[in-house]
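What follows is each chain in one-letter form.
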Amino acid sequence: MSSSSSDDSGPLLGPADVRELAAALGVRPTKQRGQNFVIDANTVRRIVRTADVRPDDVVVEVGPGLGSLTLALLEAADRVTAVEIDEVLAAALPSTVAARLPERADRFALVHTDAMHVTELPGPAPTALVANLPYNVAVPVLLHMLATFPTIDRTLVMVQSEVADRLAARPGNKVYGVPSVKANWYAEVKRAGAIGRNVFWPAPNVDSGLVSLVRREKPLETTASREEVFAVVDAAFAQRRKTLRAALSGWAGSAAAAEAALVAAGISPQARGEALTVEEFAQIAEHKRQHEGDAA
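In this report, we go over the structure that sits alongside the text. Treat the numbers as computed from the prediction; the structure is a model and nothing was measured.

Criteria and thresholds
- Residues numbered from 1 in each chain as written.
- Predicted model: local features only at pLDDT ≥ 70, side-chain atom pairs only at ≥ 80, totals over all residues.
- Heavy atoms only, no water.
- Buried < 20%, exposed > 50% of the residue type's maximum accessible area, 1.4 Å probe, protein only.
- Helix = DSSP H or I, 4+ residues; strand = E, 2+ residues; numbered from the N terminus.
- Arc of directions from axis to C-beta.
- 1 Å grid on protein atoms, 1.4 Å probe; cavity = no way out; pocket = protein on both sides within 12 Å on 5 of 7 lines; lining within 4 Å.
- Points joined across faces, edges and corners; volume = space filled by probe spheres on them.
- Polar contact = N/O pair within 3.5 Å; in protein donor to acceptor, adjacent residues only side chain to side chain.
- Pairing = 2+ DSSP bridges.
- Right-handed = clockwise from strand over helix to strand, strands pointing away.
- Axes fitted to C-alpha atoms, helices over the stretch in contact; angles between N-to-C directions.
- Parallel < 35°, antiparallel > 145°, perpendicular 65-115°, else oblique.
- Left-handed = near helix turned anticlockwise from the far one by under 90°.
- Contact = heavy atoms within 4.5 Å.
- Nonpolar A, V, L, I, M, F, W, Y, C, P; charged D, E, K, R; others polar.

Thoughts on helix α11 (residues 255-264)
Right, on to step 1. What α11 keeps buried is the set Ala 257, Ala 258, Ala 261 and Leu 262. All buried residues of α11 lie within an arc of 135° about the axis, which places them on one face of the element. Residues Ala 256 and Val 263 are exposed on α11 and point more than 90 degrees away from its buried face.
Right, on to step 2. Gly 266 lies just past α11 and shows a positive phi near 75°.

Here it is as C-alpha cells:
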C-alpha cells in the first residue's frame, strides 16, 4: 500500500488510495452505517485547519473509517485516539497509520467500541474532538462525548447540513430545538463551513456542514443540575407547538405548577420553547426545585 498514488496527497489518502484500501479489506460502504469516506486530501487538511488543531493537542476522533482524517490529524496534533465501532475498519487502521506515517505511529491509539459507550480513553486526557459523524448518531454521540470528557475544549464535527443548522441555531430560529439548547449548555456553537458531496465516496445524497463548538470558559451559572435542565428542554420541545404552560405541565406535575415555575423564572407562560435560551431553561429548572423545596 504505497503512498505514491496518482494524486498528490503525500501520506494522506487520495481517491485511488481509499478505493484500494476498501477493496483490500473487502469493505463496501453502507448507507445503513452512514459510511461515506472522505477521498479528498485538501478537505481533511481544511478540517484540521478549521478545527484549530495545535501541536500540543490530544485529539479524539470518532468514526475514523479508513483513516483519511486520522492521518491529517496525526500530522498536526501531539497524539490522536480514534474510536471505531466497525471491526474490520478498527483492525486495519493501525497498519494504515504505520505504513503512511511511521514516525507518528506511536502517537496513535485505537479504541474499538461504540462511541456512545465510551467512558474513558487511553493516554492523556483529550483536548479536542474532531470527527466526521454519521447522520443518524451525530447528535447523541456529540453530546455524550462533551458530557463524558470535560477536558475537550474545542470540537469540530462534520455532519449532515440540516444537523449542522440545528446545532448552531439560535432562539427564534425555526430549526432551533433540543440539539441547539443542549449543545449550547456546553459550548459556543457556530457553523464553520460547508462540505460538498463530491469529496466523499460514495457521494451522499445530502450536503454536509462543519460545526465548531468551543467549550464555555465558565460552566453555566445555575443551581440546577444538567439532568434537571435537560429534562425541561426535552419536555418543552416534545410538544413544541404548545405554549410552555401546556408543554411543561407533565414535567411540573400540572399546568398550574408549570405556570408558577415560569412566572418565577420571569418567563411568559404563553411563550414557546423555541424562544428560550439555555440560561432561561436553567432558570425554569431552578424554580421548580425551589418550589418543591418550599412545598416539602
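Here we look at the layout of surface pockets
Right, on to step 1. Size it by volume and the second largest pocket reaches roughly 190 Å³.
Right, on to step 2. Around the second largest pocket sit 13 residues that line it, and Trp 185, Tyr 186, Arg 215, Pro 219 and Leu 220 are the ones nearest its centre.
Right, on to step 3. For the lining of the second largest pocket, the elements supplying multiple residues, two or more each, are α5 (138-148) and α7 (178-186).

Observations concerning the side chain of Arg 100
Right, on to step 1. Relative to the assigned elements, Arg 100 resides in helix α4 (residues 87-100).
Right, on to step 2. Of note is the side chain of Arg 100, whose polar atom sits 3.1 Å from the side chain of Asp 17.

Re the pairing of strand β6 (residues 154-160)
Right, on to step 1. Within β6, 7 of the 7 residues are buried, leaving the element largely enclosed by the surrounding structure.
Right, on to step 2. As paired elements, strand β5 (residues 128-132) and β6 share 5 bridges and run parallel to each other. Bridge pairing links Asn 132 to Met 158 in β6.
Right, on to step 3. Considered for its hand, the β-α-β crossover made up of β5, α5 and β6 is right-handed.
Right, on to step 4. Relative to strand β9 (residues 208-215), β6 runs antiparallel, the two being bridged by 7 bridges. The residue bridging Thr 155 from the neighbouring strand is Leu 213, located in β9.

Here's the deal with the packing of α5 against α7
Right, on to step 1. Their axes nearest at 10 Å, the elements α5 and α7 cross at an angle of 20°. The angle between the axes of α5 and α7 places the two elements in the roughly parallel class. Handedness of the α5/α7 crossing: left-handed. Across the interface between the two elements, Val 139, Leu 143, Leu 146 and Ala 147 of α5 pack against Pro 179, Lys 182, Ala 183 and Tyr 186 of α7.
Right, on to step 2. Here the residues of the contact of α5 with α7 are counted per class, giving 7 nonpolar, no polar and 1 charged.

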